[in-house]
Amino acid sequence: MVRGSARGASTVVGVLLLVGVVVVVGGVVALGALTFLDGTGAPQATATFDYEQTPAGLRMTPGAISTTVSVRLNGRDVARFGPESAGQSVLLPTAPGDRITVVSRDGEQSVLVDRTVEDRSEIGDFIAYYRFDGDNGDTTLVDRSGNDNDGSLEGGPGWNDGSLQFDGTDDSVAVPDLEAPEEGVTEYTIAIRYRQDGGGDAQELVEHIDGDDNWLMTLWDADGDTHRVRFLANKGGGGGCSAGNCIQTEDTISEGEQHVVVGTLDEDELALYVDGRKIGTDDSPGNISMGDLRIGRDSETPGQYFSGEIYEIRLYYTAFDGEEVEVLTGAME
C-alpha cells in the first residue's frame, strides 16, 4: 500500500510560516520580500500561515489574520479566510511550478503571500505529472514530478499552446516502465483534463499495462457527437466491464468541451469522478503493479486512438477521497 498511513500522519514541512508584515515609515511602504499583484494603496493587513504536506498537496492553515483574505492557486480563488478563521484549513493540490498567493479583501487588496512551489516536500505524492507545455519540434513529454517518467511522442501529435493535439489515427505518447518513488504501489489517483473532437467508437485517453494487469480510461461513442467515460481496472487479465472492476457514466458528455476525469483505486474500491462529481464505485481488483503507460491509444486493440486535446495529466500513488478530488478538479479546470 502506498503511504497508507500518510493521510493521518503527514510530514509537517518544517516551520513554513509565511508572514506578510507591512510597515509604513515616513510615507514609504516596506513589504519585506513580497510583491503587489492587485493594488497600489498602502497595505495594512497582516497574516501568518502554516503548511503541512499531505499526499494530495499542501494543507494551508491560518494562524492569525487581521482582515479577510483570498487564497489563490495559480490565480484561481480556492478559499477565503477572515479574522475568525484561525485553525481552519484549505487543501491546495500543489504541483511543481504552482503559485500560491494570498490577497487581502480590504480596499487596498495588498498581497500578503506570493510564492512558487518547487520543492518536492511541498507537492503531492506524484508518480508522474504532465503539463503538455512543450514546443513544436519537441519529441518528449516531460514528467514534471521529478521521477523521470518522460514520454516519447509517436505518430506526430502536435503541441498547441499548453496542450497536445491527437489526430485519432496514429498519435500517442509512450511512457515505458513507470518509475515510482516506492515499491509496492497498491493505490493511485489518475486525473486528466481533455477535450474530445469526435472520432471512433472507442478512444483511449490513457492505459497502464503490466503483463496481465491493467487499468484504463476510455471514451465510448454515444450518438455521434457525445461520449461516455469508462474507468476499468483488471488484475490477471480477462473481460471488460462485464467482468466487473469497471465504472461508466450514464449521462453523455458533449465533444468539443473540456472536462476533468478522475479515477481512484485502493485495496477496497474503484471510483470514477467527472468534473468533480462522483459517478460511481465498483470493487477493487487489488494491487496492480507499475508498468508501461500509453497516452492517447490502446496498447493492444487497433484503432482505439484518441482524437482531441489533452491539457494535463496527474498520476498520484495514493487514492484521493471525495473532498480531495473536488479540490483537485477545481485546480485543473
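Look a little higher up for the structure.
Criteria and thresholds
Residues numbered from 1 in each chain as written. Predicted model: local features only at pLDDT ≥ 70, side-chain atom pairs only at ≥ 80, totals over all residues. Heavy atoms only, no water. Buried < 20%, exposed > 50% of the residue type's maximum accessible area, 1.4 Å probe, protein only. Helix = DSSP H or I, 4+ residues; strand = E, 2+ residues; numbered from the N terminus. Phe/Tyr/Trp six-rings, centres within 6.5 Å; stacked < 30°, edge-to-face > 60°. Lys NZ or Arg CZ within 6 Å of the ring centre and 35° of its normal. Contact = heavy atoms within 4.5 Å. Polar contact = N/O pair within 3.5 Å; in protein donor to acceptor, adjacent residues only side chain to side chain. Pairing = 2+ DSSP bridges. Axes fitted to C-alpha atoms, helices over the stretch in contact; angles between N-to-C directions. Core = buried A, V, L, I, M, F, W, Y, C linked by side-chain atoms within 4.5 Å.

Chemist: Explain unusual backbone geometry to me, and be specific about the residues and the numbers.
Modeler: You will see that Asn-74, though not glycine, has its phi angle at about 55°, which is positive. Taking the relative accessible area as the measure of exposure, Asn-74 reaches 43% and is therefore partly exposed. The phi dihedral of Asp-177 is positive, around 55°, even though this residue is not glycine. Considering the arrangement of structural elements, one finds Asp-177 in the loop between strand 15 (172-175) and strand 16 (188-196).

Chemist: An account of the packing of aromatic side chains is needed here, citing residue identities and associated values.
Modeler: Applying the stated criterion across every chain yields a total of seven aromatic pairs. Linked through ring pairs, Phe-126, Tyr-129, Tyr-316 and Phe-320 together constitute an aromatic cluster. The lysine or arginine in question, Arg-115, covers the ring of Tyr-51, its NZ or CZ lying 4.8 Å from the ring centre.

Chemist: Which residues make up the environment of Arg-294, and what are the values?
Modeler: Locating Arg-294 in the fold gives a position in strand 25 (residues 292-295). When the C-alpha positions of Arg-294 and Val-173 are compared, they lie 5.9 Å apart, and in sequence the two are 121 residues distant. Among residues more than four places away in sequence, those in contact with Arg-294 are Glu-154, Ser-172, Val-173, Ala-174, Leu-205, Val-206, Glu-207 and Ser-299. There is a polar contact of 2.8 Å between the side chain of Arg-294 and the side chain of Glu-154.

Chemist: Kindly report on the sheet that holds strand 3 (residues 47-54), identifying the contributing residues and their values.
Modeler: Pairing is antiparallel across the open sheet formed by three strands, whose spatial order is 3-4-7. The sheet is open, and its two edges are formed by strand 3 and strand 7 (90-92), each paired on a single side. The mean inter-strand angle of the sheet, taken between neighbouring strand axes irrespective of direction, is 30°. With three bridges joining them, strand 4 (residues 57-65) and strand 7 adopt antiparallel strand pairing. For Arg-59, the partnering residue across the bridge sits in strand 7 and is Leu-91.

Chemist: Before we move on, can you summarise the sheet that holds strand 8 (residues 99-104) with the specific residues and values?
Modeler: Strands belonging to one sheet form pairs held by backbone hydrogen bonds; the direction of such a pair is parallel or antiparallel. Across the sheet, four strands lie side by side as 6-5-8-9; this open sheet has antiparallel pairing. What marks the edges here is a single partner per strand, and that holds for strand 6 (76-81) and strand 9 (111-116). Here the strands of the sheet are splayed against their neighbours by 15° on average, with no regard to which way each runs. Judged from the five bridges that link them, strand 5 (residues 69-73) and strand 8 form a sheet pairing that is antiparallel.

Chemist: So what's going on with the nonpolar core? Residues and values would help.
Modeler: Ile-190, Ile-192, Tyr-194, Met-217, Ile-295 and Ile-310 are the most contacted members of the largest nonpolar core, which totals 41 residues. In terms of residue count, the dominant contributor to this core is strand 16 (four residues). Each residue touching Ile-192, except ones within four places of it in the same chain, is listed here: Leu-205, Val-206, Met-217, His-259, Val-260, Val-261, Ile-310, Glu-312, Ile-313 and Met-332. Among the nonpolar cores identified, the runner-up in size contains 35 residues, and Ala-79, Ile-123, Ala-271 and Tyr-273 belong to it.

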